[in-house]
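Descriptive structure summary
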Amino acid sequence: MIRSMDKVVALCKRRGFIFQNSEIYGGQNGFWDYGPLGTELKRNVRDAWYHDMVQAHNELLTPAGAPSPFQMVGLESAIIMHPQVWKCSGHYDLFHDMMVDCHECKGRFRQDHLPSTPCPLKPSRTVGQHTSCRLTEPREFNLMFKTILGALGTEDDAAFLRPETAQGIFVNFRNVVDSTRVRLPFGICQVGKSFRNEITPRNFTFRSREFEQMEIEFFCRPDQSRDWYTYWRDRRYNWYLGLGISLDRLILRDHHADELAHYSVGTADIEYAFPFLDAGQYGELEGIAHRGDFDLRSHMEGKLAKNAAGELEVEKLPDGRPKYRGSGKDLSYFDDQTRERFVPHVIEPSAGADRGTLAFLCEAYHEDQQPDDKGELQERVLMKFHPRLAPVKAAVFPLIKKEGMPEQAMAIYGEMRAAGLSCQFDQQAAIGKRYRRQDEIGTPFCITVDGDTAQDKCVTLRDRDTLQQERIPVARIVDEVTMRLKS
RNA sequence: GCGGCUGUGGUGUAGUGGUAACACAUCAGCUUCCCAAGCUUAGGAUGCGGGUUCGAUUCCCGCCAGCCGCUCCA
């Protein structure tokens, strides 16, 4: 089967899943818009995540593989936060380097590392020392989007659009603990937009400058954090499989020790074999990181860094003051069972909503051959979305446009919509063409009123993948479709 | 940010220094009792801006976007 990225991209445009942002003005690199069907699809991805992680979670039971019962709650923090948040989180330094480029060797270097960076063309000297080096002036390299607060604001009022939703959770940790009766272990979940000035936006929506994250910060006792890390890693991996991602295209990859961020004890990526990658290559959908107590401590004490002994301590200026002061607020947790006070450790499953949506689109794309009305095989394009994710759940047709069939079909269509099912009504063109139209947007079920419906009060229910038809009583059709969507 | 290639209706293609063709899709009507049927209609394109030229979609320059390779991906 051919699963080229070009075909997925063309279908996304043709059927209204994803459009280039500001297309009528020539487009805007790194930004994408979701059309009517893409909006439904992405909403279903988000809803499935929030439902499965938060709404359907029963804190009274111990899920399979979990060390204990736990609670899950939601949060929605603002995109713009106090600039100090990003200084203590480490983003400000990491996202705000002064860089110089060399026109000769085409290299890019951090200005503060120049004295110790060997020239790529003459490694015996450092960058800039060789006569042929042609360096640009140091330039600010802003990986965070900067904005100005206040109508009369100046550079002193600079703030940043968040590069991740996680920090909104950490800075609200105290608020959630104080207001909701949650007790360790528990998770705080958030879905929302984040912004990063990616150097090279590429590969359709995969690397965008505005993107949506679905993040969990799971707080637990330090001595249980490794078990929770394993639990969340496996649970999140299985979440994608349960929504139809195939086992041969999804991998769980544990990071090597040298790949880990400075604060992390362990990190795993859930990666998908996107069609735009070479065989054997995978793109990240979600990262599950063991972050220890780095984040809460940073927001208490100030930005942390590893000392010579490899321990985290507050990063100091030459004069001994903290480089970035923390909030000074106590973000520790008191366990009244064990009478212990400690800073919780954090497991962070951080998923990309747009990347997940793209993976579901790529996974759904299929071409097959099905016989037409003369029995000759014809090409068919179909999107095999999981029923939970399909943007349109069912379509309702009159077999032909007369003899009262449209009226009966309209009545059923009205019932479906009233039941909250996303569906379409179509009486345009031949029945086969209407089936194919629905196949191409991934509608799992088609309901057809025919000449017998008036007598036997039944309609046919046609399955997208098998093309099988079954007669179902009109009175039961909403329940029947609802039931099949859940299976 | 660098280098290479590319840019024609919604999609996929054709073509030309004299303002554009085809297929599919879309719309309207007829027809049609179950898988892209047929007939008749309709709308719709040379990415943007300059330059050369009597005339540019075609040649040149700049920009924008996309693809590939670097770089980047905390």
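That block above? That's the structure.
Reading the values: the criteria
- Residues numbered from 1 in each chain as written.
- Chains lettered and ligands numbered in written order.
- Predicted model: local features only at pLDDT ≥ 70, side-chain atom pairs only at ≥ 80, totals over all residues.
- Heavy atoms only, no water.
- Buried < 20%, exposed > 50% of the residue type's maximum accessible area, 1.4 Å probe, protein only.
- Helix = DSSP H or I, 4+ residues; strand = E, 2+ residues; numbered from the N terminus.
- Arc of directions from axis to C-beta.
- Contact = heavy atoms within 4.5 Å.
- Near = heavy atom within 4 Å.
- Polar contact = N/O pair within 3.5 Å; in protein donor to acceptor, adjacent residues only side chain to side chain.
- Phe/Tyr/Trp six-rings, centres within 6.5 Å; stacked < 30°, edge-to-face > 60°.
- Pairing = 2+ DSSP bridges.
- Axes fitted to C-alpha atoms, helices over the stretch in contact; angles between N-to-C directions.
- Parallel < 35°, antiparallel > 145°, perpendicular 65-115°, else oblique.
- Nonpolar A, V, L, I, M, F, W, Y, C, P; charged D, E, K, R; others polar.
- Salt bridge = Lys/Arg side-chain N within 4 Å of Asp/Glu carboxyl O.
- Left-handed = near helix turned anticlockwise from the far one by under 90°.

Among all positions of helix 1 (residues 5-14), only Met5, Val8, Leu11 and Cys12 are buried. Across the axial projection of helix 1, the buried residues extend over an arc of 130°, all falling on one side. In this structure, the buried residues of helix 1 make contact with strand 1 (18-20), helix 9 (353-364), strand 19 (365-371), strand 20 (377-383) and helix 11 (431-441). Note on helix 1: the residue one or two positions beyond its end, glycine 16, has a positive phi of about 80°.

Attention now goes to the protein's contact with RNA strand B. The environment of RNA strand B is formed by 48 residues, the closest being Asn29, Phe95, Arg196, Arg207 and Arg437. Looking at RNA strand B alone, sugar and phosphate atoms form 53% of those within 4 Å of the protein. The contact in question runs from a base nitrogen of RNA strand B to an N or O atom on the side chain of threonine 460, over 3.1 Å. Between RNA strand B and glutamine 469, the relevant distance is 2.5 Å, taken from a base oxygen to a side-chain nitrogen or oxygen of the residue. Mapped by element, the contributors of at least two residues to the surface near RNA strand B are helix 1, helix 4 (91-94), strand 20, helix 11 and strand 24 (458-463).

Attention now moves to the packing of aromatic side chains. Applying the stated criterion across every chain yields a total of 27 aromatic pairs. For the pair tryptophan 239 and tyrosine 240, a centre-to-centre distance of 5.1 Å together with 85° between the ring planes defines the contact as edge-to-face. A relative accessible area of 8% places tryptophan 239 in the buried class. Centroid distance tyrosine 240 to phenylalanine 360: 6.4 Å. Interplanar angle 25°. Geometry classified as stacked. Taken as a pair, tyrosine 240 in helix 7 (residues 225-242) and phenylalanine 360 in helix 9 lie far apart in primary sequence, 120 residues in all. Overall, phenylalanine 360 belongs to the buried group, its relative accessible area being 4%.

This part covers the sheet that holds strand 3 (residues 71-74). The mixed open sheet is built from seven strands, whose spatial order is 3-9-10-18-13-12-11. Two strands close off the open sheet at either side, each with one partner strand: strand 3 and strand 11 (250-254). Each adjacent strand pair in this sheet contributes to an overall mean axis angle of 20°, direction not counted. In the sheet, strand 10 (residues 210-220) pairs with strand 18 (residues 345-352) via six bridges, with the strands oriented antiparallel. Across the sheet, the residue bridging to methionine 214 is alanine 351, located in strand 18. Across the sheet, helix 7 lies against strand 3, strand 10, strand 11, strand 12 (266-272), strand 13 (283-292) and strand 18, angled at about 165° from strand 13, the strand it touches most.

On to the packing of helix 1 against helix 9, then. Viewed as axis vectors pointing N to C, helix 1 and helix 9 meet at an angle of 105°, and their least axial separation amounts to 10 Å. When the interaxial angle is binned, helix 1 and helix 9 end up roughly perpendicular. Taking contact as the criterion, the partners of Met5, Val8 and Cys12 in helix 1 are, on helix 9, Leu358, Leu361 and Cys362. Tallied by class, the residues present in the contact of helix 1 with helix 9 amount to six nonpolar, no polar and no charged.

Strand order in this open sheet of five strands is 22-21-23-24-25, and the pairing throughout is mixed. In the strand order of this sheet, the two ends are held by strand 22 (423-425) and strand 25 (469-473), each with one partner. Adjacent strand axes in the sheet meet at a mean angle of 25° when their direction is disregarded. Sheet topology note: the strand 23 (residues 445-449)/strand 24 ladder contains four bridges and is antiparallel. Paired with threonine 448 across the bridge in strand 24 is threonine 460. Taken strand by strand, helix 10 (residues 405-418) contacts strand 21 (394-398), strand 22, strand 23 and strand 24, and its axis lies near 160° from that of strand 21.

The tally for this structure, following the rule as stated, stands at 41 salt bridges. Between aspartate 368 and arginine 380 there is a salt bridge, and its shortest N-O distance comes to 3.0 Å. Here the residue aspartate 368 occupies a position in strand 19, and arginine 380 occupies one in strand 20, the gap between them amounting to 12 residues. By relative accessible area, which is 21% here, aspartate 368 ends up partly exposed.

Close contact between helix 2 (residues 36-55) and helix 7 brings their axes to 12 Å; oriented N to C, the two are set at 140°. Considered as vectors, helix 2 and helix 7 are oriented oblique to each other. Once helix 2 is placed against helix 7, the crossing between them reads as right-handed. Along the contact surface, helix 2 presents Val45, Ala48, Trp49, Asp52 and Met53, while helix 7 presents Trp232, Arg235, Arg236 and Trp239. Across the contact of helix 2 with helix 7, the residue classes break down as six nonpolar, no polar and three charged.

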